[in-house]
Amino acid sequence: MKKEFYTVGKRDTVEIEVKKSRFIANVSSENTEQGALEFIDYIKNKHKDATHNVYGYSIGTGSEVQRFDDDGEPSGTAGIPVLEVIKNMQLKNVVVVVTRYFGGTLLGAGGLIRAYSKSAKLGIEKCGIIKKVQAQKINFTTDYSFLGKVENYLKSNDISIFNIDYKDSVALECGIKKEMLKKVISEIKDITNNKVSIEVIEDIYIDIPMG
C-alpha cells in the first residue's frame, strides 16, 4: 500500500458555456478500472444526445492505469487535456467525463484544449480534494464503564470511529494512522487499566480533507 495519495472527495458535476457550446464535467473517485468504465458508461447513457463524451482517468495509487478518449474530437484536443489535468493535480483513482453539446461555433484546437481542461479542473475542484492516508482498522473491546473515556480519547485525537457494537462488552471499530498505532494502543490500555481486547482487522485508507 502506498503511504498516502490524493483523490476527490465525492462525485459532482460542473457546467460551463464556451461560445454557445455546453461543457459538462462529471467527476468521480473510483478504485478500479472497472468502476471507472461503469461511471463512463453511466454518463454516456445519461447524455446519449450529446455531441461528444470525452474522458480521462487515472487508476491505482501508483497511476498504474491511465486512459483517455477524444470521442470524435480532433486528436489531442480533448481526452489528453482532461487526463493531463488529473496528472498535474497529482490525483489518483479519479475519472473525469466531459460532455459537450455543440453550440454551432468551431473553437479550434486551442479553444478545445482550454475548454476541456477548464471543465475538468472546475469539476475536480467542486468535488474537493482529500488525502488518503494509510491506516489500520482496529477493534477495541472493553467494559462499558470505560466507554466514555475511550470514546472521548479517540475523538479528541481525531480518530475515526466507524462503528460501536453494544453487546456484553462494548466494541469500537476505528481507523488509526499507522504512525499513531503504538501510541494509541498504549494510551487506550492506560485508560482502561489494561482491560481491553485489541483486534487488528485490516489495512485501510482513511480520508483527510484538504483545505
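Let me sum up the structure you'll find in this document. (Residues numbered from 1 in each chain as written. Predicted model: local features only at pLDDT ≥ 70, side-chain atom pairs only at ≥ 80, totals over all residues. Heavy atoms only, no water.)

**Points about the nonpolar core**
Val96, Tyr116 and Ile124 are the most contacted members of the largest nonpolar core, which has 22 residues in total. Considering each element in turn, this core owes the most residues, 6 residues, to helix α3 (residues 108-127). In this view, Tyr116 contacts Phe23, His52, Val54, Glu73, Thr77, Ala78, Val82, Val98 and Arg100; residues no more than four positions away in its chain are not counted. (Core = buried A, V, L, I, M, F, W, Y, C linked by side-chain atoms within 4.5 Å. Buried < 20%, exposed > 50% of the residue type's maximum accessible area, 1.4 Å probe, protein only. Helix = DSSP H or I, 4+ residues; strand = E, 2+ residues; numbered from the N terminus. Contact = heavy atoms within 4.5 Å.)

**Here's the deal with the packing of aromatic side chains**
Counted under the stated rule, the structure contains 4 aromatic pairs. On the basis of an interplanar angle of 90 degrees and a centroid distance of 5.1 Å, the ring pair of Phe23 and Tyr116 is categorised as edge-to-face. One end of the pair, Phe23, is in strand β3 (residues 21-29); the other, Tyr116, is in helix α3, with 93 residues separating them in the sequence. For Phe23, a relative accessible area of 0% translates into the label buried. Ring plane angle 20 degrees and centroid distance 6.4 Å describe the contact between Tyr144 and Tyr166, whose orientation is recorded as stacked. (Phe/Tyr/Trp six-rings, centres within 6.5 Å; stacked < 30°, edge-to-face > 60°.)

**Observations regarding α3**
With 20 residues, α3 should cover 28 Å at 1.5 Å per step; its first-to-last C-alpha distance of 29 Å lies within 8% of that length. Considered for burial, the residues of α3 that qualify are Gly111, Leu112, Ala115, Tyr116, Ser119, Ala120, Gly123, Ile124 and Cys127. Positive backbone phi, at 85 degrees, marks Gly128, one or two positions downstream of α3. (Expected span 1.5 Å × (residues − 1).)

**Overview of the pattern of salt bridges**
As enumerated under the stated definition, the model contains 15 salt bridges in all. Note that Asp12 and Lys10 form a salt bridge whose closest N and O atoms lie 3.4 Å from each other. Of the residues examined, Asp12 reaches a relative accessible area of 18% and is grouped as buried. For Lys10, a relative accessible area of 44% gives the class partly exposed. Between Glu84 and Lys87 there is a salt bridge, and its shortest N-O distance comes to 3.3 Å. With a gap of 3 residues between them, Glu84 and Lys87 both fall in helix α2 (residues 79-88), about one helical turn apart. Taken together, the shared-partner salt bridges in this structure form one network comprising Lys10, Asp12 and Lys126. (Salt bridge = Lys/Arg side-chain N within 4 Å of Asp/Glu carboxyl O.)

Any functional reading would require information that these geometric values do not contain.
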